[in-house]
Amino acid sequence: MANVKYFKRHRMELGLGHPLPQIELPTGFSWVAWDDSLLDRHAEVKFACFRNETDALVFPSLGSRTGCRDLMAAIRYRPEFCPQATWLLSGPDGLAGTVQGLFDENRFGGIQNLGVVPEYRGLRLGRALLLQALAGFLSVGVRRAFLEVTATNGPAVHTYRTLGFRSCKTLYRAVELPHPDTVGVGL
């Protein structure tokens, strides 16, 4: 019998009619704009950000290097890809975070896979990545942005709310979990 768990997620939206707060990066951090040569680096940072997190259960591709590479390629080669909203964040000791942007059918900006590497969390880098992606959307005329977040990710939900994102829909994602008796048996 399958062990199914339902993960609560919020779809959150923000109108981009107001000026964005200033982006502040700690000393030693800098932006790396999208370039096709960076696809593998985005995938590697995405894996470092999500591999041990709940979102790797909700979206299994985030739990493996190959899955992150395939996901990054799928995002990049969609016609709705927005390079202006796709960034890497470089830190003193390597890459610290990633975010990607896509357009939806209404030309709203979709924030995808915003993540900060665990050793860099707590420095407000997620906030900075979000603001940088939103600025990228604004630069190409997008007036509304959205994202989805797993409800148990309190720090992310708090960050999004403090920047003005509001929940507009609650979603539940069913995930089949391995049976506890088979964990560690080569599955």
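Residues numbered from 1 in each chain as written. Predicted model: local features only at pLDDT ≥ 70, side-chain atom pairs only at ≥ 80, totals over all residues. Heavy atoms only, no water.

## Some details on the layout of surface pockets
Here is step 1 of the chain: Its boundaries defined by the atoms lining it, the largest pocket holds a volume of some 1100 Å³.
Here is step 2 of the chain: What lines the largest pocket is a set of 42 residues, among which Phe50, Leu114, Asn153, Ala156 and Tyr160 lie closest to the centre.
Here is step 3 of the chain: The set of elements that each furnish at least two residues to the lining of the largest pocket consists of strand 1 (3-15), helix 1 (39-50), helix 2 (54-58), helix 3 (65-76), strand 5 (109-116), helix 4 (125-139), strand 6 (144-150) and helix 5 (154-162).
Here is step 4 of the chain: If you tally residues by element for the lining of the largest pocket, the top one is helix 5, at 7 residues. (1 Å grid on protein atoms, 1.4 Å probe; cavity = no way out; pocket = protein on both sides within 12 Å on 5 of 7 lines; lining within 4 Å. Points joined across faces, edges and corners; volume = space filled by probe spheres on them. Helix = DSSP H or I, 4+ residues; strand = E, 2+ residues; numbered from the N terminus.)

## Side note on the sheet that holds strand 6
Each strand in a sheet pairs with its neighbour through backbone hydrogen bonds, running either in the same direction (parallel) or in the opposite one (antiparallel).
Here is step 1 of the chain: Read across the open sheet, the 7 strands follow the order 2-3-4-5-6-1-7; overall the sheet is mixed. Since the sheet does not close on itself, it has two edges, and those belong to strand 2 (30-33) and strand 7 (166-177), each with one partner. Ignoring which end each strand starts from, the neighbouring axes of this sheet average 25° apart.
Here is step 2 of the chain: Where strand 2 lies against strand 3 (residues 87-91), 4 bridges are found, and the strand directions are antiparallel. The residue of strand 3 that forms the bridge with Ser30 is Ser90.
Here is step 3 of the chain: Packing of helix 1 onto the sheet brings it into contact with strand 3, strand 4 (94-103) and strand 5, and relative to strand 4 it is tilted by some 105°. (Pairing = 2+ DSSP bridges. Axes fitted to C-alpha atoms, helices over the stretch in contact; angles between N-to-C directions. Contact = heavy atoms within 4.5 Å.)

## Some words on the environment of Leu14
Here is step 1 of the chain: Residue position: Leu14 is located in strand 1.
Here is step 2 of the chain: The contacts of Leu14, once residues within four sequence positions are left out, are Leu134, Arg143, Arg144, Ala145, Leu163, Gly164 and Phe165.

## A word on the pattern of salt bridges
Here is step 1 of the chain: Tallying each qualifying case throughout the model produces 9 salt bridges.
Here is step 2 of the chain: Across the pair Glu13 and Arg144 runs a salt bridge, and its minimum N-O distance is 2.9 Å. With a gap of 131 residues between them, Glu13 in strand 1 and Arg144 in strand 6 connect regions that are remote in the sequence.
Here is step 3 of the chain: For Glu13, a relative accessible area of 15% gives the class buried.
Here is step 4 of the chain: Linking Glu44 and Arg65 is a salt bridge whose minimum nitrogen-to-oxygen distance equals 3.0 Å. Pair noted here: Glu44 is in helix 1 and Arg65 is in helix 3, with a separation of 21 residues, a long-range link.
Here is step 5 of the chain: The class for Glu44 is partly exposed, based on a relative accessible area of 36%.
Here is step 6 of the chain: On the accessibility criterion, Arg65 (48% relative accessible area) is partly exposed. (Salt bridge = Lys/Arg side-chain N within 4 Å of Asp/Glu carboxyl O. Buried < 20%, exposed > 50% of the residue type's maximum accessible area, 1.4 Å probe, protein only.)

## Examining the nonpolar core
Here is step 1 of the chain: If you look at the biggest cluster of nonpolar residues, it comprises 50 residues, and the most contacted ones within it are Ile111, Leu130, Leu134, Phe137, Leu147, Tyr160 and Phe165.
Here is step 2 of the chain: With 7 residues, helix 4 is the single largest residue contributor to this core.
Here is step 3 of the chain: The contacts of Leu130, once residues within four sequence positions are left out, are Ile111, Leu114, Leu147, Tyr160, Leu163 and Phe165. (Core = buried A, V, L, I, M, F, W, Y, C linked by side-chain atoms within 4.5 Å.)

## Points about unusual backbone geometry
Here is step 1 of the chain: Here Arg107, not a glycine, exhibits a phi torsion of approximately 65°, which is positive.
Here is step 2 of the chain: Summarising the element assignment, Arg107 is placed in the loop between strand 4 and strand 5.
Here is step 3 of the chain: Phi is positive for Asn113, which is not a glycine, with a value near 50°.
Here is step 4 of the chain: Within the element layout of this structure, Asn113 appears in strand 5.
Here is step 5 of the chain: The exposure class of Asn113 is buried, given its relative accessible area of 19%.

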